[in-house]
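What the coordinates show
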Amino acid sequence: MREITKSSTIIARRLPILRVCAKIVGMNWGVIGHEWAVQLLSEQIAQKRLRHAYLITGPRGVGRRTLALRLTQALNCLAPPEPGQPCRACRACLQIERMQYPDLLVVQAEQEGGTLKVDQVREMQRSLSLHPYEGRYRVALLLRFEEAHPSAMNALLKTLEEPASQVVLLLTAESAERLLPTIVSRCETLRLRPLPLEQVSRGLQEEWGAPEDQAHLLAHISGGRPGLALQLHLEPERLQQRQAWLTDLLRLLTFSRKERFDYIEPLTKERSVLRSALNVWLSFWRDILIKTCGAVAPITNLDYQQEIEQLAARLDRSAALGVVSAVENALSLVDQNVNPRLVGEVLTLDLPKI
Amino acid sequence: MRVSVLQENLARGLSIVSRAVSPRSTLPVLANVLVATDEGRLRLSATNLELGITCWIGAKIQDEGSTTVPARTFSDLVATLPGGNQVEMSLTVRTQTLNVRCGASNTDLKCIDAQEFPPMPVSDVSQGLELNVMDFKEMIQQVVFAASTDDARPILTGVLVTVKGDTITLAAADGFRLSVRKARLSSPVARPLSAVIPARALSELARIASDGDKTLTMITPPGRAQVIFRVGDVELVSQLIDGMFPDYEQIIPRRCDTRAVLSTSAFLKACKQAEIFAREGSHIAKLNIQPGGELKPGVVEITGQSEETGSNQNIVDANIEGPGLLIAFNVRFLREVLDVIRTPNVALETTANNLPGVIRPVESQDDQSEFLHVIMPMHLGS
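Quick caveat, the model's predicted, so the values are computed rather than measured. (Residues numbered from 1 in each chain as written. Chains lettered and ligands numbered in written order. Predicted model: local features only at pLDDT ≥ 70, side-chain atom pairs only at ≥ 80, totals over all residues. Heavy atoms only, no water.)

Quick notes on the overall build of chain A
Secondary structure assignment for chain A yields 17 helices and 5 strands. Within the span of chain A, comprising 354 residues, buried residues form 55% of the whole. Look at the contacts in chain A between residues 6 or more apart in sequence, and 73% of them connect residues 24 or more apart. A total accessible area of about 15600 Å² is found for chain A, and carbon and sulfur atoms account for 52% of it. Mean positive and mean negative side-chain charge positions of chain A (44 and 39 charges, respectively) differ by 4 Å. (Helix = DSSP H or I, 4+ residues; strand = E, 2+ residues; numbered from the N terminus. Buried < 20%, exposed > 50% of the residue type's maximum accessible area, 1.4 Å probe, protein only. Contact = heavy atoms within 4.5 Å. Areas by Shrake-Rupley, 256 points an atom, 1.4 Å probe, with all protein chains shown as cover. Lys, Arg positive; Asp, Glu negative; His and termini not counted. Charge placed at Lys NZ, Arg CZ, Asp CG, Glu CD.)

Right, here's the structure in full:
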């Protein structure tokens, strides 16, 4: 088994989010939203029209992996209350929830933004050639497949075309366009979209006991992505970090050039930190852009509504748009291995002076 | 759980099952050995989800129970405990801590709940197929080397085992060679069987089955895609490979033009020498089959050549029927098959230098004649 265990790094990392959507019991597999997808899949299981491969696309935190795990549970549940429904209480269901099930293979890049390697796909193919160990189906879950190396995608084509019987492949990705068209055409695509903010807010209140205003705010910040909202709810330090970054951003606008450079330097030590900060700032400038355009679309940073409106009044549309594209550009440069400090400094120069 | 076992027994059991431990799996529990009381004995199990090994050892059981112990730590520890002593183990269920005492040594091991361990199938020996250990070991050795190690075609990494009537057949192929071995069963089976078992599992079985054991039981539990082998106190479970094994009967040549009968040992020695030179290149050994005349015997000339190290030529006397032929084979393949042929003489059947050659043991009474090996030739080059 030396080969199989080579990349033991494919381990479940984001457990809190998982348990998340788990509590909501009902016919919807305990998933917040996406009723159409759940209904489609459970009908396919009940009517034995299951596909061999599904591609679940959507933005991060929208519930792609939760849906995939629920599907795995529905397939391998030991005591399904009715066909196509997982009981979510038996040993198999609990192990799948923790991604610790013998017939569930989780393959993903070592870290977010990393690369899923061709060797990982090959290892997976080896175990897929065996009959299921204890369940009815062997399920391969390939997370964030847009991070796969092109050779890894190509290596998967053969398996996607003719997998062994009793094998189901579940791929998740940001969007189908970021995968090879040959991959997409071999899967049934389920496109998950951000949910109505009201639905996310209700889910948080009813299932996680979040106070109403908190749930409302989180729904806005998450932009309709229940997984993200729940993560912020369960890890309040993330929420505090976000607030710190937004406060910093407002201060930054009043700073001189030297002060700006001094501020940005420590932030650029760690790529992942910089990336998170830029994402928060991007959402803020998007809000300003929405306001300068006079659009009615809901803003993300509800708790900064006042500051956003003040800034929007002082800036015109093209200035706001300029900053949004500057932040977007910085984000893409960070992913492209450009010196992060340079990226940070250039960005601070692009911010308007108030 | 509270049990006491003899150190030697525990060490032996752990060394057997630890072959199936997978230390770096995504499932942490697979790096552990299941330790459980089982009808007056202690059961040790390990699995990597492809291959599972269980071993029962004698124990004094005071309290029933089970847990899973980190395999590496546990076997390293047990190996250093004083021999001839009793090892006392007691489990604190709440903290999943296993206390191990032996002589002056006192250890606490952190364990994982046995509930996490993948369930191992329960075997019903009465439903099984009884085989002679020595015979089956030989059968495995004669085919298992021909299985592919390339994961691109997973089905070829397995050995096809078919049981029909009173015959059991093992076949393995890797696209360049095919090894088939048949044997008679003592009694015909009611239910025919066909399964592709990973070659690795069979190699492991051949390793575990010691000469002391007489019979081996092969069980295929209905409804589960697994095969279980029971030898003495050890049970080996393997997942079956999913898919269709190629129809190998079509590959076996129906007839041959040239049939050369050689001494197995002389042929093997010549191949080993040729390989010393051929291994640097593409493993090509040329065989020049020259039929004899009225007065001189036929010979097979085996040549291995290398640009750097030189060349080697060996002439082996042979009894040849049919026209002469110059043909090239992968010499490693030749050596590997000759290594597992026990009869003094071997027949090499060829037709043309671009058609497969067949190697069979010669001696019709012995059931070795049930062995057959097909090798694809290589390009002769210039």
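We are not done yet, so read on.
Thoughts on the overall build of chain B
For chain B, the helix and strand inventory stands at 6 helices and 25 strands. Considering only C-alpha atoms, chain B reaches an extent of 85 × 55 × 35 Å along its principal axes. A burial count over chain B gives 53% of its 382 residues as buried. The long-range share in chain B, meaning contacts at least 24 apart out of those at least 6 apart in sequence, stands at 67%. When the accessible surface of chain B is totalled, it reaches about 17300 Å², and 49% of it is carbon and sulfur. Averaging the positions of the 36 positive and the 43 negative side-chain charges in chain B gives two centres separated by 2 Å.

Comments concerning the domain arrangement of chain B
Domain assignment breaks chain B into domain 1 (2-116), domain 2 (130-222 + 236-248) and domain 3 (253-375). Relative placement of domain 1 of chain B and domain 3 of chain B: their C-alpha centres are 50 Å apart. (Domains from an automatic or database assignment.)

Comments concerning the domain arrangement of chain A
Interfaces are often sized by the accessible area lost when the parts come together. Domain parsing of chain A yields domain 1 (2-191), domain 2 (200-234) and domain 3 (238-350). Of note, the centres of domain 1 of chain A and domain 3 of chain A, computed from C-alpha atoms alone, are 35 Å apart.

Concerning the interface of chain A and chain B
Chain A puts 22 residues into the contact, and the matching count from chain B is 27 residues. Summed over the shared surface of chain A and chain B, the number is 2 salt bridges. Residue Arg126(A) is joined to Glu50(B) by a salt bridge in which the shortest nitrogen-to-oxygen separation is 2.6 Å. The interface formed by chain A and chain B includes 8 residue pairs in polar contact (both at pLDDT 80 or more). Elements that contribute at least two residues to the side of chain A that touches chain B include exactly α1 (2-5) and α5 (91-97) of chain A. Ranked by the residues each element gives to the side of chain A that touches chain B, the list is headed by α1(A), at 3 residues. (Salt bridge = Lys/Arg side-chain N within 4 Å of Asp/Glu carboxyl O. Polar contact = N/O pair within 3.5 Å; in protein donor to acceptor, adjacent residues only side chain to side chain.)

Some thoughts on the packing of helix α9 (residues 197-208) of chain A against helix α10 (residues 212-222) of chain A
All names here are of chain A. Contact pair α9 / α10: the axes reach a minimum separation of 8 Å and the direction vectors enclose 135 degrees. Looking at the two axes, α9 sits oblique to α10. As for the relative orientation of α9 and α10, their crossing is right-handed in sense. For the pair formed by α9 and α10, the contact residues are Leu197, Val200, Ser201, Leu204 and Gln205 on the first element and Glu212, Ala215, His216, Leu218, Ala219, His220 and Ser222 on the second. (Axes fitted to C-alpha atoms, helices over the stretch in contact; angles between N-to-C directions. Parallel < 35°, antiparallel > 145°, perpendicular 65-115°, else oblique. Left-handed = near helix turned anticlockwise from the far one by under 90°.)

Considering the sheet that holds strand β9 (residues 105-110) of chain B
Residues and elements named next belong to chain B. The antiparallel open sheet is built from 5 strands, whose spatial order is β5-β1-β7-β8-β9. In this open sheet, the two strands that pair with only one neighbour each are β5 (60-63) and β9. Ignoring which end each strand starts from, the neighbouring axes of this sheet average 20 degrees apart. Across 5 bridges, the pairing between strand β7 (residues 86-92) and strand β8 (residues 97-102) is antiparallel. Residue pairing for β8: Thr92 is matched across the bridge by Thr97. Contacts from helix α1 (residues 7-17) reach β1 (2-6) and β7, with the element oriented near 90 degrees to β1. On the sheet, helix α2 (residues 71-80) packs against β7, β8 and β9 and is oriented at approximately 170 degrees with respect to β9. (Pairing = 2+ DSSP bridges.)

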